[in-house]
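# Remarks on the overall topology
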Amino acid sequence: MATKYIFVTGGVTSSLGKGIICSSLGRLLAARGLRVTIQKLDPYINVDPGTMNPYEHGEVYVTDDGAETDLDLGHYERFLNIKTSQTNNVTTGRIYYDVIMKERRGAYLGKTVQVIPHITDEIKSHVLKLGESNDYDVVITEIGGTVGDIESLPYIEAMRQLRYEVGRKNTLSIHLTLVPYLAAAGELKTKPTQHSVKTLSESGLSPDILVCRSEYQLDDSIRAKIAQFCNVEVQDVIASLDAETIYEVPLLMQNEGLDSRVIEKLDLPAKNADLKQWSEFVDKIKRPSKQVYIALVGKYVEHHDAYKSIVEALIHGGAMNDAGVNIKWVQSDYITDSNVASKLEGVSGILVAPGFGGRGIEGKLTAVKHARLNNIPFFGICLGMQCAVIEFARNVASMEAANSTEFDEQTPYPVIDLMPDQRDIEDKGGTMRLGKYACELKEDTKAREAYGADMIDERHRHRFELNNELREKLLESGLIVSGVNPERDLVEIVEIDNHPWFVGVQFHPELRSTVYDPHPLFSAFIEASLNKASDLFTSETKVEQAV
Ligand code: GLN
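Definitions and cut-offs
- Residues numbered from 1 in each chain as written.
- Predicted model: local features only at pLDDT ≥ 70, side-chain atom pairs only at ≥ 80, totals over all residues.
- Heavy atoms only, no water.
- Helix = DSSP H or I, 4+ residues; strand = E, 2+ residues; numbered from the N terminus.
- Expected span 1.5 Å × (residues − 1).
- Buried < 20%, exposed > 50% of the residue type's maximum accessible area, 1.4 Å probe, protein only.
- Core = buried A, V, L, I, M, F, W, Y, C linked by side-chain atoms within 4.5 Å.
- Contact = heavy atoms within 4.5 Å.
- Pairing = 2+ DSSP bridges.
- Axes fitted to C-alpha atoms, helices over the stretch in contact; angles between N-to-C directions.
- Patch = residues over 30% accessible without salt bridge, like charges linked within 9 Å, V, L, I, M, F, W, Y side chains within 5 Å.
- Areas by Shrake-Rupley, 256 points an atom, 1.4 Å probe, with all protein chains shown as cover.
- Salt bridge = Lys/Arg side-chain N within 4 Å of Asp/Glu carboxyl O.
- Polar contact = N/O pair within 3.5 Å; in protein donor to acceptor, adjacent residues only side chain to side chain.

### Thoughts on helix α1 (residues 18–31)
Residues spaced three or four apart along an α-helix face the same direction, because each turn holds 3.6 residues. Compared with the 20 Å implied by 1.5 Å per residue over 14 residues, the 20 Å span of α1 between its first and last C-alpha is a close match. Of all the 14 residues making up α1, 13 are buried; the element is thus mostly covered by neighbouring parts of the structure. Positive backbone phi, approximately 90°, marks Gly33, located one or two places after α1.

Set out below in structure tokens:
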């Protein structure tokens, strides 16, 4: 069967949740036995999001092959249980970079290099590359931005051309729009959708299916009106109402018949969808038997997208323990010795987040100390692990003023230091230790117990690491190194003894947690936090009884 290509565009406003719609459609098609992948085309000029501030872009999602990509790829992996790669995310910056490099090599044989055909050809080649691998029946391509943006035009044009090149019957255009409710008029309004479809059609790409985000159900007359004005059949107007959890969206889209319409239009050989496991997971999230409260300590907490995969991995870990996860967002800049107890009050687990630069570090160290001294389950991720090592060095191993050279180049105890192969690097883009690396786990440790394996691999994104010259001294004081990269003897996981659960990881386990394969460290962390909560509960009841 020829690979089928589905193009997903968005109109009216940004933030309509195109990534979730693509992921949900992907999930539904995969549940019908089709091999699906999803790709994101981003219209900005950065070569990748790796150099962007988390406030600007949210989390940078790292793939196994070390690509720094858009956070939507996280949704694709979590929903489809697949591994994506550099091929799944392309930006205008990369397209132009590659075209300019080719031009410098003389690859265009003296031609004038232009947006059409050279830029559009390059875009098309990135879309077709996934299909040509023969690994997929369906390639879903999400086009970032909003229809009508100048920067999206070459992408829309490339999709228009592709429809003819691979055949109309092998492609499908889905457009996501907004149907707003005007309180003053007491009505849902279809005009923005009409305009958006008109703009898209002017570029030569007319939608086959419209997915309409709305706060209220679209009744038959609204659906008929949208169909009439936008040149689609009425059953191709799909309503997408706000969901309680993003994981419910595939089920809502199935009820609306999105997958059936796609299958019919693309003439796909599909069986009935098997969504049993998925539905059970959604039930667990919606109706957990208990609740757990976790502090997420970071410096970008006003911007939750900066920690997208961590939040989702916590939810997965909660589902594994039949628990609803409530996150208390704690800004590390404002944590001090005197307010740490109140800032972290009521939580039974503390997660110290990844990050770059010195802002908020002392607050993170105070949070680590609070977790260590009060036997509160602690999970440190990347910078969070580095903070755990610094705190241990200062307060347990008597290394006064120990630090990471990222924050204090003159520290007498550089327990975290730049990796030797990072020393001469000047370029910022794509030069960290990125992607999948192996890690050997030590027997009788929390990590070994959680993974149930001796050898694992995880994804990385950092320049600094535990300084092996000070490792022995830290070990003498009781730090446990429970995971090591065998090739380069780099410390990947640290723990401490006499604590219910205190684990710091140099890698990013959150990037590997999916609905069908929740991450074992997150499950173990939530389990330990639930145990801590029930301890607290019993000691509180004991106190009450004593009174
Ligand atoms: N800034 C630290 C480093 O580069 C940690 C990075 C991170 O948390 N992803 O090593």
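### A closer look at the environment of Glu264
As for its position among the elements, Glu264 is in helix α10 (residues 258–266). Counting along the chain gives 178 residues from Glu264 to Gln86, while the straight-line C-alpha distance between them is 31 Å.

### With respect to the nonpolar core
Grouped burial of nonpolar side chains is what soluble globular proteins tend to show. Ile6, Leu29, Ile140, Ile174, Val211 and Val262 are the most contacted members of the largest nonpolar core, which totals 46 residues. Looking at this core, the element that brings in the most residues is α1, giving seven residues. When near neighbours in sequence (up to four residues on either side) are disregarded, Ile140 contacts Ile6, Val8, Cys22, Leu25, Gly26, Val36, Thr37, Ile38 and Gln39. Judged by nonpolar contacts, the second largest core, of 40 residues, contains Val347, Phe378, Met385 and Ile416.

### Some words on the sheet that holds strand β10 (residues 209–214)
Judged by pairing direction, the sheet is parallel, and its seven strands sit side by side in the order β5-β2-β6-β1-β7-β10-β11 without closing on themselves. With one partner strand each, in any of the chains shown, β5 (89–91) and β11 (237–241) form the two edges of the open sheet. Geometrically, the sheet is characterised by an average inter-axis angle of 20° between neighbouring strands, direction not taken into account. As paired elements, strand β7 (residues 171–178) and β10 share five bridges and run parallel to each other. The residue bridging Thr177 from the neighbouring strand is Cys212, located in β10.

### Some details on a nonpolar patch on the surface
Together, Tyr96, Ile100, Val115 and Ile116 make up a nonpolar patch on the protein surface, roughly 340 Å² of accessible area in all. Of all the secondary-structure elements, those providing two or more residues to the nonpolar patch are α4 (92–104) and α5 (115–132). Here Tyr96 shows up in helix α4. The exposure class assigned to Tyr96 is partly exposed, which follows from its relative accessible area of 34%.

### A closer look at the side chain of Glu68
Turning to its location among the elements, Glu68 is positioned in strand β4 (residues 68–69). A polar atom in the side chain of Glu68 sits 3.4 Å from the backbone nitrogen of Gly430. Within the structure, the side chain of Glu68 is placed 2.6 Å from the side chain of Arg461, a separation counted as a polar contact. Those residues within four positions of Glu68 in sequence are excluded, and the remaining contacts are Asp48, Pro49, Gly50, Val60, Tyr61, Gly430, Met432, Leu434 and Arg461.

### Quick look at the sheet that holds strand β13 (residues 323–331)
The strand order across the open sheet built from nine strands is β13-β12-β14-β15-β23-β22-β21-β18-β19, with neighbouring strands paired in mixed fashion. Bordering the open sheet on either side are β13 and β19 (455–462), each of which pairs with just one other strand. Geometrically, the sheet is characterised by an average inter-axis angle of 25° between neighbouring strands, direction not taken into account. Sheet analysis places strand β21 (residues 480–485) next to strand β22 (residues 490–495), joined by five bridges and oriented antiparallel. Following the sheet pairing, Val484 is matched in β22 by Val491. Sitting on the sheet, helix α15 (residues 383–395) touches β14 (349–352), β15 (378–381), β22 and β23 (502–505), and the angle it makes with β15 is about 115°.

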